[in-house]
Amino acid sequence: ARLRSALVSSREGAVAGYGMLAAEELEAGEVLFTIPRTALLSQHTTSIHALLQEAQESLQSQSGWVPLLLALLHEYTASNSHWQPYFSLWQDFRSLDHPMFWPQEERTRLLQGTGIPEAVDKDLANIDLEYNSIILPFMETHPDIFDPKLHTLELYKELVAFVMAYSFQEPLEEEEEDEKGPNPPMMVPVADILNHVANHNANLEYSPQCLRMVTTQPVGKGQEIFNTYGQMANWQLLHMYGFAEPYPGNTHDTADIQMVTLRRAALQRAKSEAQQQLISEQWDFLCQLEMVGEEGAFVLGWDEVLTEEELSVTLKVLCMSEEEFKEYKEQDGWEDDSEDEENSTLSNEALSRLKTPCKKLLYDSVLLTLESYGADLKAEQDLLNNKEAYEKLSRREQQALHVRYGQKRILHQLLELVQ
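Throughout, a residue's number is its position along its own chain's written sequence, starting from 1. Under the rules for a predicted model, residues below a pLDDT of 70 receive no local features and side-chain atom pairs below 80 are neither given nor counted, while totals for whole chains, interfaces and linings still include all residues. The side-chain quantities take in all heavy atoms of the structure and omit both hydrogens and water.

- If you look the protein up in an unreviewed UniProt entry, it shows as N-lysine methyltransferase SETD6 from Zosterops lateralis melanops.
- UniProt positions are given in the numbering used here, feature names are shortened, and annotations may be inferred rather than shown by experiment. The UniProt entry for the protein carries the following comment under Subcellular location (unreviewed entry): "Nucleus".

Quick look at the structure:
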């Protein structure tokens, strides 16, 4: 990789572990470093690429990561690997502290209500399944390269976290988007030293021969250079990368209301069996329209609802009288009401103008959602405002606090809008 002399890689002054600082002032649009594609570590550049290519049919999985993970299993443990200097930066991956490595009791205690424990349970089940049904059989057919005693499930799990936290996925060209799935992940040495914040000052650009890290805004001398991992909420950052941004830094933060919570709130309000029956029928119809599902969530940002159509339609249908619903069903959920089209973005301003029954239903749903957390907003606020108490918390407790606090702030903001 070609690196500008205007950069220093450092543990000092960086927000997390290693980071990159500007040794002099930089303008927007400056190339910080260039990485030739031959330096990338992927399923195509590993020394076992021919083997992986040959077996690609049997290596397909839900994640699409198996070929890269096999490449990493091999290169990480092969003493003659071209990438040994790269791996030496991560001493045994001990620095990775994703929630998947926390004891289950701690994960539940610190993160209940945030959506992370459920995501981790799915990850762990998938990792287990991939390792036992794809990785092990592949290793057994290539005993000259792999050894299950060395290439264990534990190492595989660490490498999954390594890929989560440090890999890059090249975006598809627009014309490719419909034709093929996402590009497989790859490891990009040097680029992965940069940390992430929502208000970043650099990003990675892709060209056929190389990748370039380019500044997107001026950077002062001594300032840290931040890349972006995408528009990530704090729960996604902690789940995938092992850290969260302190409030109010993460402008992309979100909070979820589980879709079934709206049904629960509507059923609690129902005064009679007939009303409960109507709500069940309305819910089933929303499922048919694919507006809701038992597993889904409505996603709220700081300024608007990100799942606006789903939430608008769900609120409207669950607040319909029997007659209105009958008519709505006869039209198969279509309406010729042009005024609704204009209001399709559920901005904060639009939320405050919802009809009273919709506001009440949303309000009750937010209260039910807030009950799913361990502590209330005030307790979290007091902890964040008390520097001494905050500094006594473990790193895990601090990161979990940032996730919970951001989500609760968004939910409380919604409560005020629909009061």
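Looking at the overall build of the protein
So, point 1. Secondary structure elements are defined from DSSP: runs of H or I of at least 4 residues count as helices, runs of E of at least 2 residues count as strands, and each element is numbered from the N terminus. Within the protein one finds 17 helices and 12 strands.
So, point 2. Each principal axis of the C-alpha atoms in the protein carries an extent, and together these give about 75 × 50 × 45 Å.
So, point 3. Only protein chains enter the accessibility calculation, which uses a 1.4 Å probe. A residue is then buried if its area is under 20% of the maximum for its type, exposed if over 50%, and partly exposed in between. When burial is assessed residue by residue, the protein has 47% of its 419 residues classed as buried.
So, point 4. It only takes one pair of heavy atoms within 4.5 Å for two residues to be counted as in contact. Residue pairs at least 24 apart in sequence account for 71% of intrachain contacts in the protein once pairs closer than 6 positions are excluded.

Quick look at empty space enclosed by the protein
So, point 1. In this analysis the probe radius is 1.4 Å and the grid spacing 1 Å, with only protein atoms considered; a cavity is a set of points the probe fits into but cannot get out of, a pocket is an open set with protein on both sides within 12 Å along at least five of seven lines, and lining residues have an atom within 4 Å of a point. Grid points are joined across faces, edges and corners, and a volume is the space filled by probe spheres set on the points. All chains considered together, the criterion is met by 2 cavities of 30 Å³ or more.
So, point 2. If you list the elements that add at least two residues to the lining of the largest cavity, you get α13 (348-352) and α17 (395-417).
So, point 3. A per-element tally of the lining of the largest cavity places α17 first, with 4 residues.
So, point 4. For this scheme, ten residues count as nonpolar: Ala, Val, Leu, Ile, Met, Phe, Trp, Tyr, Cys and Pro. Four count as charged, namely Asp, Glu, Lys and Arg, and the remainder, Gly too, count as polar. Partitioned by chemical class, the residues of the lining of the largest cavity number 6 nonpolar, 3 polar and 1 charged.
So, point 5. As a volume, the second largest cavity reaches approximately 40 Å³.
So, point 6. Every residue along the wall of the second largest cavity is listed here: N234, E245, P246, Y247, P248, G249, N250, D253, W302, H402 and G406.

Concerning the environment of G374
So, point 1. With respect to the secondary-structure elements, G374 resides in the loop between α14 (356-371) and α15 (377-385).
So, point 2. Linking G374 and L111, residues 263 residues apart in sequence, is a C-alpha distance of 8.5 Å.

Topic: the packing of helix α10 (residues 308-318) against α14
So, point 1. Contact geometry for α10 and α14: axes closest at 9 Å, N-to-C directions at 110 degrees. Between α10 and α14, the angle falls in the class roughly perpendicular. Between α10 and α14 lies a crossing whose hand is right-handed. Along the contact surface, α10 presents L311, L315, K316 and L318, while α14 presents C358, L361 and L362.
So, point 2. Here the residues of the contact of α10 with α14 sort into 6 nonpolar, no polar and 1 charged. Helix axes are fitted only over the stretch in contact, all axes being lines through C-alpha atoms; the angle between N-to-C directions runs from 0 to 180 degrees. The labels follow the angle: roughly parallel below 35 degrees, roughly antiparallel above 145, roughly perpendicular from 65 to 115, and oblique for the rest. Crossing handedness: left-handed means the near helix sits turned counterclockwise from the far one by under a right angle, and right-handed means the same turn made clockwise.

Overview of the state of the cysteines
So, point 1. Disulfides are defined as cysteine sulfur pairs within 2.5 Å. As enumerated under the stated definition, the model contains 0 disulfides in all.
So, point 2. C319 provides the cysteine sulfur closest to C287, a residue in no disulfide bond, and the two sulfurs are 17 Å apart.
So, point 3. Here C319 stays free of any disulfide, with the sulfur of C358 as its closest cysteine sulfur at 3.9 Å.
So, point 4. C319 gets classed as partly exposed once you look at its relative accessible area, which sits at 22%.

Let's talk about the nonpolar core
So, point 1. For this analysis, a nonpolar core means a set of buried residues of the types Ala, Val, Leu, Ile, Met, Phe, Trp, Tyr and Cys, connected via side-chain atoms within 4.5 Å. Counting 56 residues, the largest nonpolar core has L70, L72, F87, Y156 and F162 as the members making the most contacts within it.
So, point 2. Breaking this core down by element, the ones donating at least two residues are α1 (49-54), α2 (66-77), α3 (84-87), α4 (104-111), α5 (116-141), α6 (153-166), α7 (234-241) and α17.
So, point 3. Among the elements that line this core, the one with the most residues is α5, at 10 residues.
So, point 4. Those residues in contact with F87, other than ones at most four positions away along the chain, are L41, L72, E75, Y76, F93 and F162.

Structural notes on the side chain of E380
So, point 1. Structurally, the position occupied by E380 is in helix α15.
So, point 2. Classification of E380 by relative accessible area gives buried; the value is 2%.

A short note on unusual backbone geometry
So, point 1. Backbone torsion omega between Y247 and P248 reads 5 degrees, so that peptide bond is classified as cis.
So, point 2. Looking at the secondary structure, you find P248 in the loop between α7 and β11 (255-258).
So, point 3. The phi dihedral of V190 is positive, around 75 degrees, even though this residue is not glycine.
So, point 4. Along the polypeptide, V190 turns up in the loop between β6 (186-187) and β7 (195-196).
So, point 5. Backbone geometry at E290 places phi at a positive 60 degrees, although glycine is not the residue there.
So, point 6. Relative to the assigned elements, E290 resides in the loop between α9 (273-288) and β12 (297-300).
So, point 7. Residue E290 is classed as exposed on the basis of its relative accessible area of 69%.

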